[in-house]
Amino acid sequence: MRAESFRADQPERRSLSHSFEDLGVSEALSSDLARVGITEAFPIQEKTLPDSLSGRDVLGRGRTGSGKTVAFALPLVSRLAGLAPGSSRVARRANRPTGLVLAPTRELATQIDRTVAPLAKAAGLNTTVIFGGVSQKHQEKALAGGVDIVVACPGRLEDLIKQGLLTLDDVRVTVLDEADHMADMGFLPVVTRILSRTPKGSQRLLFSATLDNGVDILVKKFLKDPVLHSADNAQAAVTTMDHHVLVTDSDHKQALIETLASGTGRRMMFTRTKYRAKKMAKKLSQAGIPAVDLQGNLSQGARDRNLAAFSAGDVRVLVATDVAARGVHVDDVELVVHIDPPAEHKSYLHRSGRTARAGASGSVITIATTEERSDVNKLMKKAGVTPRVDQVAPGSEVVKDLVGERAERVAPGATPAGATGGSPSASRSGGGASGSRRGGRGGSGRGRGRGSAQAAGRGNGARSGDAGAGRGPSNGRSQARSSERRRGGSVDGASSGSARPGASRSARGGSAQRGHGADRVPDRATAAAQRRRENNRAGQPTR
C-alpha cells in the first residue's frame, strides 16, 4: 500500500488531540493508517467519525483536500467488516455489493478506490471501480466474483443495473462524494434513481464542498435525521497558497502562458473547453515545453497514460478542463494557472486545490485580459480570495519570480513514452492512417483512400512520389531515383515531425515534387500513373 494513496486526501497538518482510536476506529484500521504515517485525525474526520461509525446518516462539508475521503472510508469499511459498534459482517455474494460510493468523474472514482481499497483489504473486504468509457467486461467479471464495495460513476452503474448485472438490494452503506459537482453535471436524476434502489433505513453519508444546487433535495429525500458537520466554509482557507491575477493584453497572452509553463516544476493549467485544452497542450509541446492534456474527449487509456506521464515527471505541464479539478492528486504541483478564468467561484476553488496540498506551498495564477478584469474581480470576491494583481508582459519581473528556474526547451515531437494527445508526435505518429500523415501531406500519396496499404507497412512514404515504390519494377536505377526523391523532400517522417518546405503536396500528382521536379526524368511507373490521370480527366480509356 502506498503512502500517496492517503496523503492525497490529507490537508495541512494542525495541532490535534485526537488519534483515530480515540474516535472509535478499530485498532486494525488505525494501525494500517499509522503504517503510512497517518496517526492524527483532521477536522472533517474528527467531527464526523463518532456519528458515522455509530451508523448515523451524516452530511459533511469540507473544502477540496480537507480529508473527506478518509472521513467516509473508515466508517464504510468498519461497518461492513463488523468493526464498529452495532455492526456485523455479511457474507460476500456475487453481484450483490454491500457498500456503494458514488463519484461524479472517472478520475475521482479511481482516486477514492486508491484510498478505500487498502483499508478494505486490511479488514478482509474487497473493492472494484465502475465507470464508463471502457469495456464493461472486467467490471462484469469482478461483480460476478463477488465484491463488497463498489466505487462507481452514476451513468455506468445504472447501465449495469438495467442489464441485471448487479443489484443494490444488499447495500448497507452508501456514500455520495462531491454531491454538488454531481448536481452541476446534471447527475441528480440518475443519482436519485440509484439511491431509490438502496434499502430504506440503510446508512447514507453525503460529503461535499458546498451544499447547494439541488443537494438539499437529496438530503431531504434520502438522509434520515442527518447530522451536519462542517470543517470549514466554502471559501478559500489555505494559508500556504498564494493567489495572483496577471492582467495582460490579448496579443501577449499566449507568450505569457508559455513563459508560465516553462519552469522546472510541475504545473497544471486549466481551460474551459476540451478543444482548447488539447490545442494548448499541442502548442506548448511545439514550443519545446512537453505537455499533455486531460479532458473528456480522451479515452480512459489515454487519460491514464497522460496522467501517469505527468505524475512520473516525464512531462511538467498538464493542461486540463474541470474534469481534473476533482479527485486528481499529483504530488508537488507548484503552480496552478487558470488560462481561462472559470465560470464560477466553486470551480476556481476546486481547480486551485490541486496545489498547496498536505501542507505544501503553491501559487495560483489567473490570467485575465483587460476586458476580463471586472469579471475576475467578482470571481475572487465570491471565492473569498484577495489576490495580488499585476499588469504584466511575458518578461515582467513578477512573472520571472513566479516561474522560477526555467527548464531547457526540448525538440518538438520528443514525446514521453505512452503519453497521448498533447505532443505533435503523439497525435501523428501511430500506424495506419495517422502514421501516413507524418511529415505533413508529403508521404501520404494516395493513401487517404487506400489505408490498407499503409496499415500493411507501406504508409510511411511507400506511395509518395511513385506508384512503384512499394510494388513497382525491380529496376535498381529507378528504385534509386525513387528513393532519392523521397529523401529530397517528399517524405522525411522518420526524422522530422513536419514536411520540408515545398513538399507538402508532393504526393498528390504522382511526382515527388510536382512543379519542382521538371529537371528529373520520371520512371515508367510514374509516367503511366500520370497518363492514367490525364486520360481519366479527359474521359478517354487508358491505354
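Residue indices begin from 1 for each chain and proceed along its sequence in written order. Since the coordinates come from a predicted model, pLDDT governs what is reported: local features require at least 70, and pairs of side-chain atoms require 80 or more to be given and counted, while whole-chain, interface and lining totals use all residues. As a rule here, side-chain values come from all non-hydrogen atoms in the structure, and water together with hydrogens is ignored.

**Re the overall build of the protein chain**
Put simply, the rule reads: Think of it this way: any DSSP run of H or I at least four residues long counts as a helix, any run of E at least two long counts as a strand, and we number them from the N terminus. For every residue, the accessible area (1.4 Å probe, protein chains only) is compared with the maximum for its type, and the residue is labelled buried under 20%, exposed over 50%, or partly exposed between those bounds. Using a 1.4 Å probe, accessible areas were evaluated by the Shrake-Rupley method; residue-level cover was limited to the displayed protein chains.
Assigned secondary structure in the protein chain consists of 21 helices and 14 strands. Of all 543 residues assigned to the protein chain, the portion counted as buried reaches 53%. With an accessible surface of roughly 23700 Å², the protein chain has 47% of that area assigned to carbon and sulfur atoms.

**Side note on the pairing of strand β4 (residues 149-152)**
Where we set the bar: A strand pair is defined by DSSP finding two or more bridges across the two strands. With strands facing away from the observer, any crossover in which the path from the first strand over the helix to the second runs clockwise is taken as right-handed.
Side chains Ile149 and Val151 project from β4 onto one buried face, and the interleaved Val150 and Ala152 project onto a second face that is buried too. Alignment of strand β2 (residues 99-102) against β4, held across 4 bridges, turns out to be parallel. Looking across to β4, one finds that Val101 is bridged to Val151. Direction of pairing for strand β3 (residues 127-130) relative to β4: parallel, over a ladder of 4 bridges. Along β4, the bridge assignment pairs Thr127 with Ile149. At this point the chain moves from β3, through helix α6 (residues 137-145), to the parallel β4, and the crossover so formed is right-handed.

**Side note on the packing of aromatic side chains**
Formally: Between 30 and 60 degrees the pair is tilted, below 30 it is stacked and above 60 it is edge-to-face, where a pair is any two Phe, Tyr or Trp rings, Trp via its six-membered ring, whose centres lie within 6.5 Å.
Scanning all chains against the criterion turns up 1 aromatic pair. A ring pair is formed by Phe72 and Phe207, whose centres lie 5.7 Å apart and whose planes are at 55°; its orientation type is tilted. Remark: Phe207 occurs in strand β6 (residues 203-208) and Phe72 occurs in helix α4 (residues 68-80); sequence separation between them is 135 residues. Phe72 gets classed as buried once you look at its relative accessible area, which sits at 0%.

**Quick look at the packing of helix α9 (residues 188-197) against helix α10 (residues 215-222)**
Applied cut-off: Lines are fitted to the C-alpha atoms to define the axes, a helix being fitted only along its stretch in contact, and any angle between axes, read from their N-to-C directions, falls within 0 to 180 degrees. Here the angle decides the label: under 35 degrees means roughly parallel, over 145 means roughly antiparallel, 65 to 115 means roughly perpendicular, and every other value means oblique. Crossing chirality is assigned from the near helix's rotation relative to the far helix, an anticlockwise turn below a right angle marking it left-handed and a clockwise turn marking it right-handed. Residues count as neighbours in contact if any of their non-hydrogen atoms are within 4.5 Å of one another.
Where α9 contacts α10, the axes come no closer than 11 Å and their chain directions differ by 15°. Taken together, the axes of α9 and α10 are roughly parallel relative to one another. For α9 against α10, the interelement crossing comes out right-handed. Facing α9, whose interface residues are Leu188, Val191, Thr192, Leu195 and Ser196, α10 presents Leu218, Lys221 and Phe222.

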